[in-house]
Amino acid sequence: MSHRNSSARLGALFRSMVKASFATTGIAAVVVAGAQGAGCVMSGEDGFSGPSQDAGPRDAPPFDGEVPLAEFDTVPCDDYNYDFSQLARETNFDYVDFRTQGYPLPSDAGDAGTYPIAIRGSGGTACATADDPAKCKTDLDAVSPIGGVAISQPPGPFREGFGGIDGAFAHTKGDQVSAVRTSSEIAAFLGNIDSKTKAWVAAYVAQYNVSCSDPVVRAVPDGFEIITQEEINDCPFQYRRLLLHVGRDGAITVVRQEDLPPAGGCAGRRPHGLEPMAPGGEDDALGRYFAHTAYLEAASIAAFEVLREELASHGAPRSLRRRAARAARDEVRHARMTARMARRFGARVAAPVVARSEVRSLEEMALENEVEGCVRETFAALLATHQAEHAKDPGIAAVMRIIAQDETRHAALAWDVAEWLDERLSPDARARVRQARNVAVQQIMLEAALPVERALEAQAGYPSSHESVRLASGLLAALWEGRNEA
Ligand SMILES: [Fe+2]
Ligand SMILES: [Fe+2]
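Residues numbered from 1 in each chain as written. Chains lettered and ligands numbered in written order. Predicted model: local features only at pLDDT ≥ 70, side-chain atom pairs only at ≥ 80, totals over all residues.

A.B. asks: Looking at this model, I keep getting lost on the overall build of the protein chain. Mind explaining?
C.D. replies: Secondary structure summary: the protein chain contains 12 helices and 11 strands in total. Sorting the 486 residues of the protein chain into buried and exposed places 50% on the buried side. Across the protein chain, every contact between residues at least 6 apart in sequence was considered, and the portion connecting residues at least 24 apart equals 74%. (Helix = DSSP H or I, 4+ residues; strand = E, 2+ residues; numbered from the N terminus. Buried ≥ 20, exposed ≤ 12 C-beta atoms within 10 Å, placed from the backbone. Contact = placed C-beta atoms within 7 Å.)

A.B. asks: Before we go on, may I ask you to explain the environment of His386 in this structure?
C.D. replies: Within the secondary structure, His386 sits in helix H8 (residues 362-390). Note on His386: 24 C-beta atoms within 10 Å, which makes it buried. Beyond its immediate sequence surroundings of up to four residues, His386 is in contact with Val18, Gly461, Pro463 and Leu471.

A.B. asks: What should I look at first to understand unusual backbone geometry in this one?
C.D. replies: It is generally the case that most residues other than glycine have a negative phi and that most peptide bonds are trans. Even without a glycine there, the phi angle at Asn92 is positive, about 65°. Secondary-structure assignment places Asn92 in the loop between helix H2 (85-91) and strand S3 (95-104). Unlike most non-glycine residues, Cys127 shows phi in positive territory, near 60°. Within the element layout of this structure, Cys127 appears in the loop between strand S4 (117-124) and helix H3 (133-141). By the C-beta count within 10 Å, which is 24 here, Cys127 ends up buried.

A.B. asks: Explain the confidence of the model for the protein chain to me, please; I cannot follow it from the model alone.
C.D. replies: Low pLDDT marks stretches whose predicted atomic positions should not be read closely. Residues of the protein chain with pLDDT of at least 70 account for 79%, and the chain-wide mean is 80. Confidence drops under a pLDDT of 50 for residues 1-5, and excluding neighbours within four residues, the segment shows 10 contacts in the predicted structure. The model gives residues 107-113 a pLDDT under 50, and that stretch makes four contacts with residues more than four places away or in other chains. (pLDDT = per-residue confidence, 0-100.)

A.B. asks: Teacher, can you tell me more about the nonpolar core here?
C.D. replies: Side chains of nonpolar character tend, in soluble globular proteins, to be buried together. Ranked by size, the top nonpolar core spans 82 residues in total, and within it Phe290, Ala294 and Ala342 carry the most contacts. When contributions to this core are tallied by element, the ones reaching two or more residues are helix H1 (3-23), helix H6 (285-313), helix H7 (318-344), H8, helix H9 (394-422), helix H10 (427-448), helix H11 (454-460) and helix H12 (465-478). At 17 residues, H6 tops the list of elements feeding residues into this core. In this structure, Ala294 is in contact with Ala335, Thr338, Ala339, Ala342 and Val349, ignoring residues within four places of it in sequence. Counting residues in hydrophobic clusters, the runner-up holds 42 residues, among them Tyr95, Cys127, Ala130 and Val149. (Core = buried A, V, L, I, M, F, W, Y, C linked by C-beta atoms within 7 Å.)

A.B. asks: How should I be thinking about the packing of H7 against H9 in this particular structure?
C.D. replies: The geometry of a pair of packed helices is captured by two quantities: the angle between their axes and the separation between those axes. H9 packs onto H7 with a crossing angle of 155° between their chain directions and a minimal axis gap of 10 Å. Relative to H9, the element H7 is oriented roughly antiparallel. Every pair of crossing elements has a handedness; the one defined by H7 and H9 is left-handed. Here Leu320, Arg323, Ala324, Ala327, Asp330, His334, Met337, Thr338 and Met341 of H7 come into contact with H9, specifically with Ile396, Val399, Ile402, Ile403, Asp406, His410, Leu413, Asp416, Val417 and Trp420. (Axes fitted to C-alpha atoms, helices over the stretch in contact; angles between N-to-C directions. Parallel < 35°, antiparallel > 145°, perpendicular 65-115°, else oblique. Left-handed = near helix turned anticlockwise from the far one by under 90°.)

A.B. asks: Can you help me understand the packing of H8 against H9 in this one?
C.D. replies: At a minimum axis separation of 8 Å, H8 and H9 run at an interaxial angle of 155°. Judged on the interaxial angle alone, H9 and H8 are roughly antiparallel. You can see that H8 and H9 cross each other, and the crossing is left-handed. Across the contact of H8 with H9, the residue classes break down as 18 nonpolar, seven polar and four charged. (Nonpolar A, V, L, I, M, F, W, Y, C, P; charged D, E, K, R; others polar.)

A.B. asks: How do you make sense of the environment of Leu307 when you look at a structure like this?
C.D. replies: Position of Leu307 relative to the elements: it lies in helix H6. The buried category is assigned to Leu307, around which 30 C-beta atoms lie within 10 Å. Separated by 52 residues in the primary sequence, Leu307 and Val359 have C-alpha atoms spaced 9.4 Å apart.

A.B. asks: Explain the environment of His410 to me, please; I cannot follow it from the model alone.
C.D. replies: With respect to the secondary-structure elements, His410 resides in helix H9. Residue His410 is classed as buried on the basis of its C-beta count, with 30 C-beta atoms lying within 10 Å. Taking the C-alpha atoms as reference, His410 lies 6.4 Å from Ala327; in sequence the two are 83 residues apart.

Dropping the structure here:
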């Protein structure tokens, strides 16, 4: 099938399936003539998914309703920036902020530009009592967080020589401008943990996720308790809720823990060798969702670069190579747009780590293209179409409209690549590819049935689990089952 046709047909299919959700009932087995002509196929052995973050076994008992959530307070946050006014008062400074900055890999340090400093939260009035406020402000702007606490794991050799992110406090008093970088400096800065403010700040700088919206902190007789979440799986996204105890000496221990239901996501083209995302400091459901999406979008840049290289080295037609190159450029845009969304909802975005391998065989390519392209990215394109149509947040809807259109083109590319590969595979290899697709489809059906966080449904137009199952079943009937013959 031709590129234009397949993209247009897939788009029409997706839109009709999404519209059917307004209408009613029953699985809309919309079959678009020609759309199921080519095949997509992939491997179980490559192990793309599965539990990722090993948070390590802990002995803490579950929450079991024994934690009186109503006794916890929210922390001051203004538009997803932490408000450190109280911290500035308690530590007796005119002004306090927490800032982060990315840094390049050591090998690129010579020629890499400087990443901008991001202020994650602030309080008080900078240089309020300075005799020379202008100099004080210049000095404050120059405070670098590099060398401070590690905000993200330094990723491996991926894009733009990105090395990691460091964080530090900066504060002013009189003309004095100082940075608080190392953990011992931070301990000295906070002193005795004798307030809720110091307790949640201590947890925050220890890289625990402190929510901007949910109640998270309360005082207990021997210190403070903080409710936090950490990621335990990225496919689908799943989180573990922790109850932390923060002692007056700043020691943090986990006293209770429980795993929350999986939270959707996990669709799109993942490159071979992609490492799971390290837990970030995501604050709310939308922040987490977009931080993950941005990670996967950035990872798919590599997926399409590899696809283009492998198509070239196996002598594929120029049109396919060009479309893969264009898809890589689309993914750069998607990564930027979704990272911006993540930051808007207070989340930090990590750079993906992808271990590159040698050019692979046609069968290996076919296995990956089948699972990641024909199944996952095709389903992702349908989800994006649903989100573009249903997102209540106008900013999210606008981003999803662009992504839906591009992803539909990527799905069509996957089907066309599958067709090209299919003709070059032995009957046995073709059967293995089909088998891999069936496994991937089963996985998608299971993921679709998982519960979805409410904010994703309401604001981001993400389908409910019921709706997701309907959509996945529709694709099964319209596309995925189509090639089981042969
Ligand atoms: Fe994308
Ligand atoms: Fe894509």
